[in-house]
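# Chain and residue survey
Here are the chains, one letter per residue:
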Amino acid sequence: WMQRAYQLTEADRVLQKTPFSFDVSGWEFFWPLLTGARLVIAEPEGHKDSVYLARLIEETGITMIHFVPSMLQVFVQELAHRPCPSLKRVICSGEALPVALQNRFLSLSGAELHNLYGPTEAAIDVTAWACRLEADQTTVPIGRPIDNIQLYIFNKEGQPVPVGVAGELHIGGVGLARGYWRRPALTAEKFVPNPFATDGSFLYKTGDLARYRADGN
């Protein structure tokens, strides 16, 4: 899905800086290797140092990088001094992306900013949104489901909600975990039968509130 959406080439350079215990490191390691792009590995603990990261991006010509929003908040302070013109695309996930941070980044960088969402139980990501400036924006959308993922928003009675009404986000599809290790009660609580499927598949109850925008995102 990521290759179809973002199309890495041999000219791209991806910075691997996420600790390998975090699921995002999966695509950082393997995506460039699968597509012929160059993989640049940051030094240990380098993901915590925005000055080092900005220098490394400039020196190695990084075109693609991932940030959790809290680290992006620190990194944008470096962009005022080091614009990092090689950057073409920044992927954000792991936390809610604040509107002010989105706008600040877009004002400082010519790179694309993409907001991805995905809980651990449906690693790595399940939705994607290409960030853009919007009038009167109060939240950054999480977008639409990626390939082979289904999303549903239900009210407390388990019924689908109409456009604009908040409800609990449920996730289905091939990315879903099979449950919690040795915690059958919690698995039964959070992984529920998919009422729209006939194959015995399940949905994950995220506990996150969401609503559909008029444009379907």
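Residues numbered from 1 in each chain as written. Predicted model: local features only at pLDDT ≥ 70, side-chain atom pairs only at ≥ 80, totals over all residues. Heavy atoms only, no water.

## Structural notes on helix α4 (residues 69-79)
- Inspection of α4 places P69, M71, L72, F75, V76, E78 and L79 among the buried residues, and these make up the whole buried set. For α4, the angular spread of the buried residues around the axis is 145°, confining them to a single face.
- On its buried side, α4 packs onto α3 (50-60), β3 (64-67), β4 (89-92), α5 (99-108) and β5 (112-117). (Buried < 20%, exposed > 50% of the residue type's maximum accessible area, 1.4 Å probe, protein only. Helix = DSSP H or I, 4+ residues; strand = E, 2+ residues; numbered from the N terminus. Arc of directions from axis to C-beta. Contact = heavy atoms within 4.5 Å.)

## Looking at the state of the cysteines
- Following the criterion strictly, the structure yields zero disulfides and no others.
- Unpaired in this structure, C92 has its nearest cysteine sulfur neighbour in C131, at a distance of 7.2 Å.
- Classification of C92 by relative accessible area gives buried; the value is 0%.
- The class of C131 is buried, set by a relative accessible area of 12%. (Disulfide = S-S within 2.5 Å.)

## What about α3?
- When we look at burial in α3, the residues that qualify are S50, Y52, L53, A54, L56, I57 and T60.
- Those residues of α3 that are buried lie in contact with β1 (13-16), β2 (38-41), β3 and α4.
- At the N-terminal boundary of α3, the capping side chain belongs to D49, with an oxygen 3.1 Å from the backbone nitrogen of V51.
- In the stretch just after α3, G61 is the one whose phi turns positive, near 70°. (Polar contact = N/O pair within 3.5 Å; in protein donor to acceptor, adjacent residues only side chain to side chain.)

## Some remarks on the packing of α3 against α4
- Between α3 and α4, the shortest axis-to-axis distance is 9 Å and the interhelical angle comes to 65°. Where α3 crosses over α4, the two elements pack in a sense that is right-handed. Across from S50, V51, L53, A54 and I57 in α3, the residues of α4 making contact are M71, V74, F75 and E78. (Axes fitted to C-alpha atoms, helices over the stretch in contact; angles between N-to-C directions. Left-handed = near helix turned anticlockwise from the far one by under 90°.)

## Here we look at the sheet that holds strand β10 (residues 191-193)
- Spatial strand order, β8-β9-β11-β10: four strands in an open sheet with antiparallel pairing. Every other strand in the sheet has two partners, leaving β8 (149-154) and β10 as the edge strands with one partner each. Taking each pair of neighbouring strands and ignoring which way they run, the sheet shows an average axis angle of 40°.
- Here six bridges tie β8 to strand β9 (residues 167-173), and the two strands are oriented antiparallel to one another. The partner of I153 across the bridge, within β9, is L169. (Pairing = 2+ DSSP bridges.)

## Some thoughts on unusual backbone geometry
- Across the junction of A123 and I124, the peptide omega takes the value 5°, indicating a cis bond.
- In this fold, I124 is placed in the loop between β5 and β6 (127-130).
- In this model, C84 sits at a positive phi of 50°, which is unusual for a non-glycine residue.
- With respect to the helices and strands, C84 occurs in the loop between α4 and β4.

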